[in-house]
Amino acid sequence: MSSRLPNSDCIPWLAVLILECLAIVILNIITIIVFVKQRQLQRQSTYLIIHLTIVDFLVGAISGPMQIFRTLTYCDLRKLPASNNNWSFHLKFAVLHLFSFTSLVNLVFVSLERLHATFRPFRHRFVKKWIYGVIITVIWLTTTARESVQIVLNEKGISNFYIDSTLYLPFYLISVFLICVCYILIAVKVRCSRHPYHHGAASIRERKLTRTSLIVVLVSLLIWLPLIIYSILGSSQILPKLSLRSYFHIRMTLLSIVLINSIVNPVIYAMRMPEFRAGISQIFCRTSNRVIQPDLPLRNLRPA
């Protein structure tokens, strides 16, 4: 791209990205603090949600600033690099998408975990902690392998159209398919079960967590949907050839929508989880509720 966009097109989008990154970092730091301080939230069924919070934080702390830096290459604010066909550029491009894709894969495993909790509630209570460690490792290996393949294909000069068709689009479609199948099965199981409501605090807690996870996943799917549709249209070559300005504004719109995914999760937790709200209250109300007592003078002790 030899031409550049005027600063009037870039500065508003840069301001939006900066505000989104700040919101992601602040909200997810608060969320992580709440999960650390509230012991009742540190149970096996919330491990993947805690991991999702950490990944969302990395989206705002690493991917977001890298997206801002990349956005500058379209504008007069920063000169274009001499060459984009080098290993370091492809590595930065892979890291730039790594955490967003990891967040999506984490949502897939949250759906699978909730499916197992619904169909095998008794066995689910005795799942070992190390299994969640294996799941988190698989999440990172999956996304890292996908990004590694993309680096190799870019180094070999493979076209972006082929990469989008073989990596991006199948990745999106498989993730969405697994999530939808899981929650359809959960809904069918709950409706067709002879005992849809089990007694006991643990069963009620698991049921509420399943509903919260469902809301998180559905909201995330709605946020990812525009990007998935755009990828399908781009891979099908239905979209006409766009000018630099049109491409830039479409790209920035999709990017800003995807970043919202890392903002809404803490809000949903605060709305749906009483323990989470209690943790937030402890953080922000500790100073105001603290009663400072004056130092009492020491009594002079006299010998009897």
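Heads up: these notes are all about the structure in this document.

Right, let's talk about the pattern of salt bridges for a bit. One side chain can pair with another of opposite charge once the charged atoms of both are near each other. Summed over all chains, the structure comprises three salt bridges. Close ionic contact of D9 with R245 constitutes a salt bridge, the shortest N to O distance being 3.1 Å. Linking D9 in helix α1 (residues 7-37) with R245 in helix α8 (residues 244-272), this pair joins segments that are 236 residues apart in sequence. We classify R245 as partly exposed; its relative accessible area is 48%.

What follows is about the nonpolar core. Ranked by internal contacts, the top residues of the largest apolar core, which has 42 residues, are Y172, I179, W224, Y269 and F276. Taken together, the elements giving at least two residues each to this core come down to α1, α2 (47-71), α3 (87-119), α5 (129-155), α6 (160-192), α7 (201-235) and α8. Listed in part, the 21 residues of the second largest apolar core include W13, Y74, L244 and F248.

Under the definition given, this model contains zero disulfides. With no disulfide of its own, C182 has C180 as its nearest cysteine by sulfur position, at a separation of 9.3 Å. Residue C182 is classed as buried on the basis of its relative accessible area, which comes to 3%.

Moving on to a nonpolar patch on the surface. Nonpolar side chains collect at one region of the surface, where F119, I174, F177, L178, V181 and L185 lie side by side and expose about 500 Å² of accessible area between them. At five residues, the largest contribution of residues to the nonpolar patch is made by α6. Note that I174 resides in helix α6. A relative accessible area of 51% means that I174 is categorised as exposed.

Parameters and conventions
- Residues numbered from 1 in each chain as written.
- Predicted model: local features only at pLDDT ≥ 70, side-chain atom pairs only at ≥ 80, totals over all residues.
- Heavy atoms only, no water.
- Salt bridge = Lys/Arg side-chain N within 4 Å of Asp/Glu carboxyl O.
- Helix = DSSP H or I, 4+ residues; strand = E, 2+ residues; numbered from the N terminus.
- Buried < 20%, exposed > 50% of the residue type's maximum accessible area, 1.4 Å probe, protein only.
- Core = buried A, V, L, I, M, F, W, Y, C linked by side-chain atoms within 4.5 Å.
- Disulfide = S-S within 2.5 Å.
- Patch = residues over 30% accessible without salt bridge, like charges linked within 9 Å, V, L, I, M, F, W, Y side chains within 5 Å.
- Areas by Shrake-Rupley, 256 points an atom, 1.4 Å probe, with all protein chains shown as cover.

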